[in-house]
Amino acid sequence: MMMAVTYTPEAGETPVPLIALCEEDLSAWREDASPLEQGLAGADFRARPGQVVIVPGPDGKPARILLGLGASPGEASAFRTLAGRLPPGEFRLEGRPSGLEPTDAALAFALGLYRFERYRRRETAPPQLFVPGADVAEVESLAEACALARDLINTPANDLGPAELEGAARELAGRFGAGIEVIAGDELLAKGYPAVHAVGRAAAPGREPRMIEITWGEAGRPGLVLVGKGVMFDTGGLDLKPSAGMRLMKKDMGGAAHVLALGAMVMEARLPVRLSILVPTVENAVSGDAMRPGDVLATRKGLSVEVGNTDAEGRLILADALTRASELSPDLTLDLATLTGAARVALGPQLPPFFTDDDDLAAAIEAGARKASDPVWRLPLWKGYLPSLETEIADLKNDPDAWAQAGAMTAALFLQKFAPAGAWAHFDIFAWNPRAQPGYPAGGEAQAIRGLFAMLKARYA
């Protein structure tokens, strides 16, 4: 992890000033700026979102930074791209539109500085930005939680299997004084998690499936359950993926990484909830003990599931975890999973869909996403596709009929059969930046959880 947040200049330091401008502010700035500064800034500076101009001083070093924020009051996310364009050094935000929250700007900058450095260190020191008025404690908490998710997603499966994810969960629980229970291997059958066991039983010794449950908070408070898909590597099982489809499957535990990170945000903020984090953790491997197409699996809820495709395994382990969530009688359940390619076909890699039948919850999720500049998009739980999950020999099947086509929706409808009766939302995330951009390095990405944390603060704080 490489991340820098705001800092406080020491006495005698002279950070390079940074001016953040909306398009509407540009004319006023040009009137006040000297002709030399205007010339050095260049006529092509239009304050577009993320546009950066480094104005040099007489010695050739940066004397002033101009950052475009777009339309008023400006996009805080522009500070994320800034992080990838500044040279090493200390900078201070000295001008910003009145509607731009300093904490949002500082957090965006911190998120943009993330680098995964477990195997390769970067050669230059990151820039530092002082943002007057920013809540540094909140910035550090949220940025570190997002970095945790991204570090876990970026770590390859040879160094992050089910046992190692359990270790990360235990470390998180210990940090906040939370309780943790782990059920592993054949004990899953005795403790009522047959689908988790069936998906993960083919893995090598030492990589056995497990169910991780973290609990935190006082009894009697509203129950918040976070459920995350923890497929540490997905070969596709006997319905083997092609090599291109398998290349990024170290990230198929992105849902687990996200709920651990969101749980860290909740615990760090000490929200008044009774928090449970449920992480079914498996490796979908190939061996003589692997589940087969045509097998009929038991689930914790008692529903039987015919396996039409062993590569639709995520919904199987989530079925057991969501059933466990319902036993906790939660006020709110959120599940996050890298579940379907169909979600990417519908909305691409940058905009994760979510599903819920609760209109009030949907509105609150959307409001939190807007506040945090963390976009999501609601898709319907269209009941017309439910017949695609029917099968003659079991209660339902994990591969919907092809006529339904809407793979993200049918997966959500499958999960809904196991979800708690109260408020519930499912997020089909990608958890990955497929191309590098300033402030958005290629690799693991944290999606939706900053918006969800904003929603949770509004709901419970």
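In this report, we go over the structure that sits alongside the text.

Conventions and cut-offs
- Residues numbered from 1 in each chain as written.
- Predicted model: local features only at pLDDT ≥ 70, side-chain atom pairs only at ≥ 80, totals over all residues.
- Heavy atoms only, no water.
- Helix = DSSP H or I, 4+ residues; strand = E, 2+ residues; numbered from the N terminus.
- Expected span 1.5 Å × (residues − 1).
- Buried < 20%, exposed > 50% of the residue type's maximum accessible area, 1.4 Å probe, protein only.
- Arc of directions from axis to C-beta.
- Contact = heavy atoms within 4.5 Å.
- Axes fitted to C-alpha atoms, helices over the stretch in contact; angles between N-to-C directions.
- Parallel < 35°, antiparallel > 145°, perpendicular 65-115°, else oblique.
- Left-handed = near helix turned anticlockwise from the far one by under 90°.
- Nonpolar A, V, L, I, M, F, W, Y, C, P; charged D, E, K, R; others polar.
- Pairing = 2+ DSSP bridges.
- Patch = residues over 30% accessible without salt bridge, like charges linked within 9 Å, V, L, I, M, F, W, Y side chains within 5 Å.
- Areas by Shrake-Rupley, 256 points an atom, 1.4 Å probe, with all protein chains shown as cover.
- Salt bridge = Lys/Arg side-chain N within 4 Å of Asp/Glu carboxyl O.
- Phe/Tyr/Trp six-rings, centres within 6.5 Å; stacked < 30°, edge-to-face > 60°.
- Lys NZ or Arg CZ within 6 Å of the ring centre and 35° of its normal.

**Some points on helix H6 (residues 162-176)**
Then, in step 1: The first and last C-alpha atoms of H6 sit 22 Å apart over 15 residues, in line with the 21 Å expected at 1.5 Å per residue.
Then, in step 2: Within H6, the full set of buried residues consists of Pro-162, Leu-165, Glu-166, Ala-168, Ala-169, Leu-172, Ala-173 and Phe-176. Looking straight down H6, one finds its buried side chains confined to an arc of 160 degrees; they lie on one side. Opposite the buried face of H6, at more than 90 degrees from it, the exposed residues are Glu-171 and Gly-174.
Then, in step 3: On the buried face of H6, the contacting elements are helix H5 (136-154), strand E6 (179-184), strand E7 (210-216), strand E9 (230-234), helix H10 (254-269) and strand E10 (274-284).
Then, in step 4: Of the residues trailing H6, Gly-177 is marked for its positive phi of about 70 degrees.

**Structural notes on helix H11 (residues 314-327)**
Then, in step 1: Counted at 1.5 Å a residue, the expected span for H11 with its 14 residues is 20 Å, and the 20 Å between its end C-alpha atoms agrees.
Then, in step 2: Across the 14 residues of H11, twelve count as buried, placing the element largely inside the fold.
Then, in step 3: Regarding H11, the residues found buried are Gly-314, Arg-315, Leu-316, Ile-317, Leu-318, Ala-319, Asp-320, Ala-321, Leu-322, Thr-323, Arg-324 and Ala-325.

**Some points on the packing of helix H13 (residues 359-372) against helix H15 (residues 449-460)**
Then, in step 1: Here H13 crosses H15 at 120 degrees, and the two axes come no closer than 7 Å. Here H13 lies oblique to H15, going by the angle between them. Crossing hand, H13 versus H15: right-handed. Taking contact as the criterion, the partners of Leu-361, Ala-364, Ile-365, Gly-368, Ala-369, Lys-371 and Ala-372 in H13 are, on H15, Arg-450, Gly-451, Leu-452, Ala-454, Met-455 and Arg-459.
Then, in step 2: Considering only residue class, the contact of H13 with H15 consists of eight nonpolar, two polar and three charged.

**A few points about the sheet that holds strand E16 (residues 396-397)**
Then, in step 1: A sheet is described by the order of its strands in space; here three strands give the open sequence E11-E12-E16, paired in mixed fashion. The sheet terminates laterally at strand E11 (296-297) and E16, the two strands that pair on one side only.

**What about a nonpolar patch on the surface?**
Then, in step 1: A surface patch of nonpolar side chains, about 260 Å² in accessible area, is lined by Leu-238, Leu-240 and Val-286.
Then, in step 2: Checked against the element boundaries, Leu-238 lands in the loop between E9 and helix H9 (243-246).
Then, in step 3: For Leu-238, a relative accessible area of 40% translates into the label partly exposed.

**Here's the deal with the pattern of salt bridges**
Then, in step 1: If you walk through the whole model with that rule in mind, you get 27 salt bridges.
Then, in step 2: Note that Asp-252 and Lys-229 form a salt bridge whose closest N and O atoms lie 2.9 Å from each other. Residue Asp-252 is found in the loop between H9 and H10, and its partner Lys-229 is found in the loop between strand E8 (223-228) and E9; the two are separated by 23 residues along the sequence. Accessibility assignment for this pair places Asp-252 and Lys-229 in one class, buried.
Then, in step 3: One network of salt bridges, in which partners are shared, links Glu-166, Arg-170, Glu-208 and Arg-210.

**Some words on the sheet that holds strand E1 (residues 16-21)**
Then, in step 1: Here five strands make up an open sheet; going across it, the order is E2-E3-E1-E4-E5 and the pairing mixed. Strands with a single pairing partner mark the edges of an open sheet, and in this sheet they are strand E2 (52-56) and strand E5 (128-130). Each neighbouring strand pair of the sheet contributes to a mean axis angle of 30 degrees, computed without reference to strand direction.
Then, in step 2: Pairing between E2 and strand E3 (residues 62-68): five bridges, direction antiparallel. Residue Val-55 lies in a different strand from E3, and its bridge partner there is Arg-64.

**Quick notes on the packing of aromatic side chains**
The way to describe two aromatic rings as a pair is by their centre distance and the angle between their planes.
Then, in step 1: Scanning all chains against the criterion turns up four aromatic pairs.
Then, in step 2: Both rings, one in Phe-116 and one in Tyr-119, keep their centres 5.9 Å apart while their planes meet at 65 degrees; by these two values the pair is edge-to-face.
Then, in step 3: Between Phe-414 and Phe-418, the ring centres sit 5.4 Å apart and the planes meet at 40 degrees, which makes this aromatic pair tilted.
Then, in step 4: Assessed through its relative accessible area of 0%, Phe-414 is described here as buried.
Then, in step 5: Assessed through its relative accessible area of 1%, Phe-418 is described here as buried.
Then, in step 6: The aromatic ring of Tyr-193 is capped on one face by Arg-300, whose charged end is 4.2 Å from the ring centroid.

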